[in-house]
Amino acid sequence: MKAKAVIFTGPSAVEFGEVSCPDPGDHDVVVETSTSWISNGTEGSFLRGERIEGDVAYRNGDPWPFPIVAGYQKVGVVNHVGKSVTRLKVGDEVFATIGYVEGLFENYGGQLSLSVSNEEQVFKIPGEEETGIPADAYSGLVLTQVGYNCGARPPVEIGNIAVVFGDGMVGQWAAQTLWWRGAHVILLGRHDDRLARFVETGNLHAGRKTINTYRDSWEEELASALDGKSVDVFVDTVGSIDAINSFLPNMKRF
């Protein structure tokens, strides 16, 4: 089976071309993609050649991970179901994660026009007529889950202090989840419009505070907000080892 795909052919080299996909099996679903979602962080690092698989960093001497079809989240319409699939049918609007490809560095990817996916990786979504929400709004659900996991997994008690570094979507979802769980959250970022989505005005005592790290005074603002208190949870959503190291002295022991 053939599909169109966004293919990373080398470092910082992208083509739109055709790839081969395996024929669907009994437990597989074929999804005709309408919208796929790009994860700037993950897919960007693959495109730059910074990793070769998952979180495995590229090192000199490793094989280049090219060609590769990156991505892992999309929405579309089911156009085929295997004979053992029972909870989905042709015509369903669905969210799907990775699909299978053949002959590339990895045998899976996301930015595909037709996605052959195991039924466990495909989820029916409610129609727009039921919710008023268009199908493409669901296409970033894995990224949503990343932010939710960041906020849901740390042990948190009401009144604990959490600092979230990065005001992108993962940072927003992490900050909102931690705040919903009762933490006092400081969201650090570089975009006033994004920070305003977390709180227009506020202070740490009220549970939510934002600080723009583009301001020269941001470290003083952070110290003032903490007022000598230790940080219980620190979430880095931008991949900055320097940021992590700088916050370690502020973390509560254990």
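Here, the structure is the one placed above.
The rules behind these values
Residues numbered from 1 in each chain as written. Predicted model: local features only at pLDDT ≥ 70, side-chain atom pairs only at ≥ 80, totals over all residues. Heavy atoms only, no water. Pairing = 2+ DSSP bridges. Helix = DSSP H or I, 4+ residues; strand = E, 2+ residues; numbered from the N terminus. Axes fitted to C-alpha atoms, helices over the stretch in contact; angles between N-to-C directions. Contact = heavy atoms within 4.5 Å. 1 Å grid on protein atoms, 1.4 Å probe; cavity = no way out; pocket = protein on both sides within 12 Å on 5 of 7 lines; lining within 4 Å. Points joined across faces, edges and corners; volume = space filled by probe spheres on them. Nonpolar A, V, L, I, M, F, W, Y, C, P; charged D, E, K, R; others polar. Buried < 20%, exposed > 50% of the residue type's maximum accessible area, 1.4 Å probe, protein only. Polar contact = N/O pair within 3.5 Å; in protein donor to acceptor, adjacent residues only side chain to side chain.

Is there a simple way to think about the sheet that holds strand 15 (residues 233-236) in this case?
Two orientations exist for strands paired in a sheet by backbone hydrogen bonds: parallel and antiparallel. If you trace the four strands from one edge of the open sheet to the other, you get 14-13-12-15, paired in parallel fashion. Both edges of this open sheet fall to strand 14 (208-212) and strand 15, since each of them pairs with a single strand only. Taking the axes of each pair of neighbouring strands and ignoring which way they run, one obtains an average angle of 15° across the sheet. This element, helix 4 (residues 169-180), spans strand 12 (161-165), strand 13 (184-189), strand 14 and strand 15 of the sheet and lies at about 170° to strand 13.

Explanation requested: the layout of surface pockets in the structure shown.
The method is simple in principle: a probe with the dimensions of a water molecule rolls over the atoms, and the space it marks as empty is what remains. Its boundaries defined by the atoms lining it, the largest pocket holds a volume of some 1,400 Å³. Broken down by secondary-structure element, the contributors of at least two residues to the lining of the largest pocket are helix 1 (40-47), strand 4 (51-53), strand 9 (108-109), helix 3 (141-152), helix 4, strand 13 and strand 15. When grouped by side-chain class, the residues that make up the lining of the largest pocket number 21 nonpolar, 18 polar and nine charged.

Is there a simple way to explain the sheet that holds strand 6 (residues 74-81) in this structure?
As summarised here, the arrangement of the five strands in space is 10-3-6-7-11, forming an open sheet in which the pairing is antiparallel. Since the sheet does not close on itself, it has two edges, and those belong to strand 10 (114-118) and strand 11 (122-124), each with one partner. Ignoring which end each strand starts from, the neighbouring axes of this sheet average 45° apart. Bridge analysis of strand 7 (residues 93-96) against strand 11 gives three bridges, and the strand direction is antiparallel. Within the sheet, the bridge partner assigned to Ala-96 lies in strand 11 and is Val-122.

Please clarify how the side chain of Asn-160 should be interpreted in this entry.
You can see Asn-160 is positioned in the loop between helix 3 and strand 12. Take Asn-160: its relative accessible area is 14%, and that puts it in the buried class. In terms of polar contacts, Asn-160 uses its side chain to reach the backbone amide nitrogen of Glu-157, at 2.8 Å. Every residue in contact with Asn-160, bar those within four places of it in the chain, is listed here: Pro-155, Gly-182, Ala-183, His-184 and Asp-232.

Any link to function would need more than the numbers given here.
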